[in-house]
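Chain by chain, the residues:
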Amino acid sequence: MSTVVAAGGKDLGTKVPLLIIGAGAAGLCAALTAKEAEVEVVVVERETTPSGSTALSAGLIPAAGTRFQRAKGIHDHPKLLAADIAHKANGEVDPAVVNAIAEDSATLVEWLADRHDFPFDVIDNFNYPGHSSLRMHGLPSRTGRELIDRLRTAAELNDIVILNRSVAELLLADAEGQVIGVEIARPDGKRERIGCDTLILACSGFGGNPDLVRRHIPEMAGAIYFGHRGNRGHAVIWGSELGAQLTHLGAYQGHGSVATPHNILISWAVIMQGGIQVNRDGRRFSDETRGYSEQAAEVLKQPDAIAWDVFDARIAAVARQFEDFRQAESAGAILTADSVENLAEAMHIPVATFVAAWKEAEKLKLASGQDRFGRKFLAEQLCGPPYHAVKVAGALFHTQGGLAVDPTGRVKRKNATGFPNLFAAGGAATGISGATAAGYLSGNGLLTATVLGHLAGQAAARQMTRA
Ligand SMILES: Cc1cc2nc3c(=O)[nH]c(=O)nc-3n(C[C@H](O)[C@H](O)[C@H](O)COP(=O)(O)OP(=O)(O)OC[C@H]3O[C@@H](n4cnc5c(N)ncnc54)[C@H](O)[C@@H]3O)c2cc1C
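Here the structure is a predicted model, which means the values were calculated and not measured.

**Q** Explain the side chain of N421 to me, using residue names and the numbers behind them.
**A** Topologically, N421 is positioned in strand β21 (residues 418–424). Judged by its relative accessible area of 2%, N421 falls in the buried class. Here V179 takes part through its backbone oxygen, which lies 2.8 Å from a polar atom of the side chain of N421. Sequence-distant contacts of N421, that is, excluding residues within four places in its chain, are made with G177, Q178, V179, D197, T198, L199, R410 and Q463.

**Q** Describe in detail the packing of helix α4 (residues 78–88) against helix α5 (residues 95–116), supporting the description with residues and values.
**A** Running from amino to carboxyl end, α4 crosses α5 at an angle of 135°, the nearest separation of the two axes being 8 Å. By the angle class used here, α4 and α5 are oblique. Between α4 and α5 the crossing geometry is right-handed. The residues of α5 that touch α4, namely those facing P78, L81, A82 and I85, are V98, N99, A102, E103 and S105. Here the residues of the contact of α4 with α5 sort into six nonpolar, two polar and one charged.

**Q** Any chance you could break down the pattern of salt bridges for me, citing the residues and the numbers?
**A** In this structure the tally under the stated criterion is 30 salt bridges. A salt bridge links R280 to D304; the nearest nitrogen and oxygen atoms lie 3.4 Å apart. In this pair, R280 is assigned in the loop between β15 (276–278) and α10 (292–300) and D304 in the loop between α10 and β16 (306–312), connecting sequence segments 24 residues apart. The exposure class of R280 is partly exposed, given its relative accessible area of 34%. Given the relative accessible area of 55%, D304 is considered exposed. Here K301 ties to E298 by a salt bridge, and the two come within 3.6 Å at their closest N and O atoms. Exposure remark for K301: the relative accessible area of 61% places this residue in the exposed category. Here the salt bridges do not stand alone but share partners, grouping R145, D149, R152 and E156 into one network.

**Q** Would you mind going over the packing of aromatic side chains in detail, with residue names and values included?
**A** Taken as a whole and judged by the stated rule, the model has ten aromatic pairs. Ring plane angle 85° and centroid distance 6.4 Å describe the contact between Y128 and Y292, whose orientation is recorded as edge-to-face. With a gap of 164 residues between them, Y128 in the loop between β5 (121–122) and β6 (136–138) and Y292 in helix α10 connect regions that are remote in the sequence. For the pair Y128 and Y292, one class covers both residues: buried.

**Q** Describe in detail the sheet that holds β6, supporting the description with residues and values.
**A** The pairing of strands in a sheet comes from backbone hydrogen bonds and takes either a parallel or an antiparallel form. Here three strands make up an open sheet; going across it, the order is β4-β6-β5 and the pairing antiparallel. Since the sheet does not close on itself, it has two edges, and those belong to β4 (61–62) and β5, each with one partner. The pairing of β5 with β6 spans two bridges and is antiparallel. By the bridge assignment, V122 is partnered in β6 with H137.

**Q** Talk me through unusual backbone geometry; I want residue IDs and the actual numbers.
**A** Cis geometry marks the peptide bond from T260 to P261, where omega comes out at 5°. The residue P261 is located in the loop between β13 (252–259) and β14 (264–265) in this model. Looking along the chain, the bond that leaves P385 and enters P386 is cis, with omega of 0°. When you line up the elements, P386 lands in the loop between α14 (351–366) and β18 (387–399). Phi is positive for R142, which is not a glycine, with a value near 60°. Note that R142 resides in the loop between β6 and α6 (144–157).

**Q** Any details on the side chain of Q400? Residues and values, ideally.
**A** Residue placement: Q400 occurs in the loop between β18 and β19 (402–403). Overall, Q400 belongs to the buried group, its relative accessible area being 4%. Polar side-chain contacts of Q400 include one of 2.7 Å to the side chain of H398. Beyond its immediate sequence surroundings of up to four residues, Q400 is in contact with H248, A251, Y252, Q253, A429, T430, G431, I432, S433, Y440 and N444.

Calculation criteria
- Residues numbered from 1 in each chain as written.
- Predicted model: local features only at pLDDT ≥ 70, side-chain atom pairs only at ≥ 80, totals over all residues.
- Heavy atoms only, no water.
- Helix = DSSP H or I, 4+ residues; strand = E, 2+ residues; numbered from the N terminus.
- Buried < 20%, exposed > 50% of the residue type's maximum accessible area, 1.4 Å probe, protein only.
- Polar contact = N/O pair within 3.5 Å; in protein donor to acceptor, adjacent residues only side chain to side chain.
- Contact = heavy atoms within 4.5 Å.
- Axes fitted to C-alpha atoms, helices over the stretch in contact; angles between N-to-C directions.
- Parallel < 35°, antiparallel > 145°, perpendicular 65-115°, else oblique.
- Left-handed = near helix turned anticlockwise from the far one by under 90°.
- Nonpolar A, V, L, I, M, F, W, Y, C, P; charged D, E, K, R; others polar.
- Salt bridge = Lys/Arg side-chain N within 4 Å of Asp/Glu carboxyl O.
- Phe/Tyr/Trp six-rings, centres within 6.5 Å; stacked < 30°, edge-to-face > 60°.
- Pairing = 2+ DSSP bridges.

What follows is the structure in structure tokens.
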């Protein structure tokens with residue numbers, strides 16, 4: 001059955017100026033922006049309360065040139081952020097989109113802080129792979145739950161209507177690709193049509209649609225999906241029927257460090273501060289510092305599809321700023337021992353092989369050397385007892401392919417012209433991570449959700465107030 005239905009304005013009951021599908025970070029940033037420009041906006045959300053993948057994330061937004069960075073003496077510039085994004089994505093990005101996002105990143109973070117009272121600060125005690133500056137901005141709990149709760153509160157304070165428990169199932173459009181509205185389904189099975197002048201798709205990617213994952217990202221078909229299950233690929237499905245340009249559908253954000261069987265995210269700080277990963281046989285298998293996203297597939301390739309993160313108490317103290325890590329400790333996921341030999345016993349892995357791998361890494365740190373995988377070790381990251389280990393799996397966090405957009409979030413047709421009144425942001429739009437998992441620079445997810453949401457909200461409002 002087609003999910004895009006030809007319809008005219010006469011088929012609709014209610015009509016609103018701006019309709020947004022999805023109340024994650026992208027949808028709510030777009031809504032707050034449009035409302036500030038005095039455009040009436042309605043957000044349609046499948047869940048009882050906004051959550052999405054945003055709630056599952058660490059809530060960290062990379063931004064370049066903020067006052068939070070300046071206060072800590074951190075030098076940064078949007079051009080550096082844009083260059084880091086393009087470098088990690090192997091140049092497979094639209095530079096105009098990346099530049100627009102990098103340019104607006106500091107404005108977005110400061111706007112949330114100043115206008116909506118978000119208590120951001122910038123993480124300054126470790127850096128993520130691929131970032132040439134300390135620029136991850138987070139809220140006190142370092143959780144996406146706090147980010148989405150604050151966005152929802154801001155939406156409520158600004159009288160933004162969120163229709164919870166409403167699933168947009170059909171997109172209504174005319175023959176020229178002008179969007180007319182959507183048909184939503186309510187929990188009691190009732191269906192209702194809502195018309196709109198402009199539509200922003202903020203309903204994220206297709207991680208919650210196993211058929212689409214199998215088709216576009218076969219290497220992750222067997223992985224745990226750690227993102228929001230309600231993201232079933234509506235944007236991609238509608239876009240394909242409308243004749244939109246869909247790009248990089250095989251790209252995704254993975255993560256090679258999800259505590260198993262507890263299913264709790266273990267921050268990549270444990271690696272970036274000097275920890276290593278070994279497999280069930282006690283052997284290292286990769287340069288872990290390339291990035292956590294591509295590490296998901298590396299972990300999946302190991303015996304039993306698991307690995308162990310191994311680190312020490314100094315590193316655990318850094319990771320403890322993340323609520324997830326503290327939860328993993330409470331859940332008993334983190335093993336502790338006073339020697340690496342005893343740690344290997346507790347992990348039930350071959351002691352001699354593991355101890356050799358550990359000692360080799362420590363020796364390389366002393367010499368500031370490089371291993372056979374290309375990982376560079378740092379002398380200041382030497383480890384000492386007590387030691388810790390946590391068994392982890394590789395997971396799919398969210399998909400990065402989607403609707404190609406211009407720098408304002410306007411969705412492009414296959415011939416690259418823009419749809420007249422259709423925008424996309426966040427996981428619904430093509431990401432800025434190139435064609436593979438390796439192109440994902442930490443923070444690209446919330447960057448495209450919050451900043452592209454902001455840009456799309458601005459563009460939609462501009463278009464509507466002009467009309
Ligand atoms: C565990 C985890 C950790 C992460 N950590 C980070 C991080 O620290 N930094 C970072 O940058 N990124 C991170 N990410 C990625 C980041 O969470 C996502 O890129 C981002 O949240 C996407 O925002 P969004 O608004 O596009 O989607 P979402 O937050 O998923 O919101 C989409 C919303 O649309 C709703 N929806 C979907 N379809 C429909 C429909 N048909 N009708 C009505 N509603 C619908 C969903 O219910 C959902 O609420 C992480 C992801 C995960 C899973």
